[in-house]
Amino acid sequence: MNSDVLIIGSGLGGLECGALLAQKGFRVLILERSQQPGGCMQSFRRAGLNYDTGLHYVGGLAPGQTMYKAFADLGLLDLPWQRMDDDFDHVIISGRHFTFRQGYEAFVDGLAKDFPHQREALQSYVQKLQHITASDMDVLAYDYLRQTFSDELLLNVVSAAAMKTELRRESLPLFSFAHTCSSYVESSWRLQGDGNQLVNKLIDTIRKAGGEVLTGRRVVSLTEVDGHITSAVCANGETYDAEHFISDIHPAMLCRLLDKCPSMRKSFRRRMETVANTCGMFTVQLSIRPNELRYFAHNVFVYDKPNVWTMTEANDPVKGVMISARVPEDGSDMLRQIDLLTPMPWHECEAWVDTQVGHRGDDYRAMCREKAAQCLTLAEQYIPGLRGMVEQCYTSTPLTYRDYLGIPEGCAFGMRKDSRAAMFTFHSVSTPLKNLLLTGGSIFLPGIEGVTMTAFETCSKIGDPVWNTK
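Summary of the structure given here. (Residues numbered from 1 in each chain as written. Predicted model: local features only at pLDDT ≥ 70, side-chain atom pairs only at ≥ 80, totals over all residues. Heavy atoms only, no water.)

### Comments concerning the pattern of salt bridges
Put simply, the test is: One speaks of a salt bridge when a side-chain nitrogen belonging to Lys or Arg is within 4 Å of a carboxyl oxygen belonging to Asp or Glu.
For the structure on display, the rule yields 24 salt bridges. Residues Arg387 and Glu380 are paired through a salt bridge, measuring 3.1 Å at the closest nitrogen-oxygen approach. Residues joined by salt bridges that share partners form a network here, namely Asp259, Arg269 and Glu273.

In structure tokens, the structure reads:
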């Protein structure tokens, strides 16, 4: 089968590239190793309910905002997005309760009520969120925050909702931190229904334009001729030819497919294989008994200690948890599902790395139960009696993401970015092979915004317009 563009992997980045290019007239083929497309955007079904793998909320979907034009181009704006509360993120630190309001001015006014002496610092902070530049890749986020806020508690409050990235005070670039936070302050939205709606919408766009998405096609090698990739070979023996190739898999996994490509420079391989991965997430997915709990259209971040920047520094009990409620699909105001998330470093999984799915034993299940109980204890600071409302409880660890989605070390935010080595850890979408491009959360920025930005940049190398929010 010959295509104009062959994309390896059907995560959000791969599907977005496929939709953008297919709409421009390119013949697109996406090959996905799993039986279900979507990567971290896909959903799974248990006991009659659908649970999302990674989608919780999206920022900047109002006209003129960061994600509006991109989602319009991708045909995603007509999905059932629900705007969240004006106080879209709540933060509880050591028993004290704070809120983030939508809109930059409102954000400042809201926090200035609790920190009136820091109003000027908050105004400076939101200015930075709106004007982040590439020069901020070399700036350490933690250092910037310490220089901006003289109040240590406020520093941690504004950082608390950035559990959506890896809060490492010795390495996290300000560029990454600010992009993680900024679009949500513009406006915040949840999808009514599961994330497969987003996946299916992109696939429909690709297929209506003449493209195809094939599952159960694990690419095992790429063939090169004179500095160009000519074909992808799958584990079932099928070979697919194309003019352009895009990789939406982890760069270290891509390098394994390039063993027989003489033009692949050792320096590129070394870079992609040696950059550390970010931590993964431990997720507790709860179904709530009917008519037990009203829906709340905001997230809650609960921390047991005032320093949120120590989340992944030691193998300690859970220090913080994100609470995300699922929009009721029946139109009522009573919720049925809640997700609890907390960072989980890979070293906490090392005892079970070599065991297979379903064979990890009682000690693994005991660890999951204990960690889930710790998450519930923190969540009950906001929802008293939550345990008694639970109908079913499912857990996942970085091992789950590794085994089901093929993500090395189950990393939640791709390859780690480091302000001390920005040129080494922020990557170009181009590769030494002229027609092989990269996309996905490891390349530039993680998260829905980062992956979408990268997809537009990847497509611009073939012929689609670059990222433009206007």
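That covers the picture; the talk isn't over yet.
### Brief notes about the nonpolar core
For clarity, the threshold we go by: Among the buried residues, those of types Ala, Val, Leu, Ile, Met, Phe, Trp, Tyr and Cys that are joined through side-chain atoms within 4.5 Å form a nonpolar core. Between buried and exposed lies partly exposed: a residue is buried under 20% and exposed over 50% of the maximum accessible area for its type, with that area taken using a 1.4 Å probe on protein chains only. Elements are defined by DSSP. Helices are runs of H or I of four residues or more, strands are runs of E of two residues or more, and each kind is numbered from the N terminus. Should any heavy atoms of two residues lie within 4.5 Å, those residues are considered in contact.
If you look at the biggest cluster of nonpolar residues, it comprises 56 residues, and the most contacted ones within it are Leu111, Tyr125, Leu145, Phe149, Val157, Phe177 and Trp309. Residue assignment for this core shows that the elements contributing at least two residues are strand 7 (87-93), strand 8 (96-101), helix 3 (104-112), helix 4 (119-130), helix 5 (141-148), helix 6 (152-160), helix 7 (174-186) and strand 15 (299-303). Those residues within four positions of Leu145 in sequence are excluded, and the remaining contacts are Tyr125, Leu155, Val158, Ser159, Phe177 and Trp309. Within the second largest apolar cluster, 40 residues are counted, among which are Ala70, Val199, Leu202 and Ile206.

### Digging into the sheet that holds strand 9 (residues 188-191)
The following threshold applies: The criterion for strand pairing is that DSSP finds at least two bridges linking the strands in question.
Reading across the sheet, the three strands line up as 5-9-6 and stay open at both edges, with antiparallel pairing between neighbours. At either end of the open sheet lies a strand with only one pairing partner, and these are strand 5 (58-59) and strand 6 (81-83). For strand 6 and strand 9, the ladder comprises three bridges, and the chain directions are antiparallel. Opposite Gln82, over in strand 9, you have Arg190 as the bridge partner.

### Digging into the packing of aromatic side chains
One pair of aromatic rings is described through two measures. These are the centre distance and the angle between the planes. Note the cut-off: Aromatic pairs are defined between Phe, Tyr and Trp rings, using the six-membered ring for Trp, whenever the two ring centres lie within 6.5 Å; interplanar angles under 30 degrees are classed as stacked, those over 60 as edge-to-face, and all others as tilted.
By the definition in use, this model includes 16 aromatic pairs. With a centroid separation of 5.4 Å and 70 degrees between ring planes, the pair formed by Tyr51 and Tyr394 is classed as edge-to-face. Of this pair, Tyr51 sits in strand 4 (residues 49-52) while Tyr394 sits in strand 18 (residues 390-396); the two residues are 343 residues apart in sequence, bridging distant segments of the chain. For the pair Tyr51 and Tyr394, a shared accessibility class is recorded, and that class is buried. The rings of Phe88, Phe100, Phe107, Tyr125 and Phe149 are connected pair by pair, giving a single aromatic cluster.

### Digging into the packing of helix 5 against helix 6
The angle between the axes and the distance between the axes are what describe a pair of packed helices. Our working rule: For every element, the axis is a line fit to its C-alpha atoms; helices are fit only across the contacting stretch, and the angle between N-to-C directions ranges from 0 to 180 degrees. For classification, angles of less than 35 degrees are called roughly parallel, those exceeding 145 degrees roughly antiparallel, those between 65 and 115 degrees roughly perpendicular, and all remaining angles oblique. By the definition used in this description, the sense in which the near helix is turned from the far one sets the handedness, with an anticlockwise turn below a right angle giving left-handed and a clockwise turn giving right-handed. Charged means Asp, Glu, Lys or Arg here, nonpolar means Ala, Val, Leu, Ile, Met, Phe, Trp, Tyr, Cys or Pro, and polar covers whatever is left, Gly included.
Here helix 5 crosses helix 6 at 135 degrees, and the two axes come no closer than 9 Å. Considering their axes alone, helix 5 and helix 6 lie oblique with respect to each other. For the crossing formed where helix 5 meets helix 6, the hand is right-handed. Contacts between helix 5 and helix 6 involve Tyr142, Leu145 and Arg146 on the former and, on the latter, Glu152, Leu155, Val158 and Ser159. Along the lines of polarity and charge, the residues of the contact of helix 5 with helix 6 split into four nonpolar, one polar and two charged.

### Looking at the pairing of strand 15
Counting buried residues in strand 15 gives five out of five residues, a clear majority hidden from the surface. Residue alternation in strand 15 divides its side chains into two sets, Asn299, Phe301 and Tyr303 and Val300 and Val302, and both sets are buried. Where strand 7 and strand 15 come together, five bridges link them in parallel fashion. Bridge pairing in strand 15 links Ile92 to Val302. In this structure, strand 15 lies alongside strand 16 (residues 320-325), joined through four bridges in antiparallel fashion.

### Re empty space enclosed by the protein
Defined as follows: Only protein atoms enter the 1 Å grid used here. Points where a 1.4 Å probe fits but cannot escape make up a cavity, open sets with protein on both sides within 12 Å along at least five of seven lines make up a pocket, and a residue lines them when an atom lies within 4 Å of a point. Grid points are joined across faces, edges and corners, and a volume is the space filled by probe spheres set on the points.
Throughout the structure, instances matching the rule amount to five cavities of 30 Å³ or more. In this structure, the largest cavity occupies an estimated 150 Å³ of space. Lining the largest cavity we find 15 residues, and of these Asp52, Leu55, His56, Ala325 and Arg326 sit closest to its centre. Elements that contribute at least two residues to the lining of the largest cavity include exactly strand 4, strand 9, strand 16 and strand 17 (337-344). Among the elements that take part in the lining of the largest cavity, strand 17 stands out by supplying three residues, more than any other. Broken down by class, the residue content of the lining of the largest cavity amounts to six nonpolar, five polar and four charged. Approximately 90 Å³ is the volume attributed to the second largest cavity. Lining the second largest cavity we find Thr165, Glu166, Arg168, Ser171, Leu172, Ser176, Thr278, Phe413, Met415, Arg416, Lys417 and Pro446. Its residues placed into classes, the lining of the second largest cavity shows four nonpolar, four polar and four charged.

### Here we look at the packing of helix 1 (residues 12-23) against helix 14 (residues 447-460)
At a minimum axis distance of 9 Å, the contact between helix 1 and helix 14 shows a crossing angle of 40 degrees. In terms of axis orientation, helix 1 runs oblique to helix 14. Judged by the twist between their axes, the crossing of helix 1 over helix 14 is right-handed. Mapping the contact onto sequence places Leu12, Gly13, Glu16, Cys17, Leu20 and Leu21 in helix 1 and Ile448, Val451, Thr452, Ala455, Phe456, Thr458 and Cys459 in helix 14.

These figures capture arrangement, not role.
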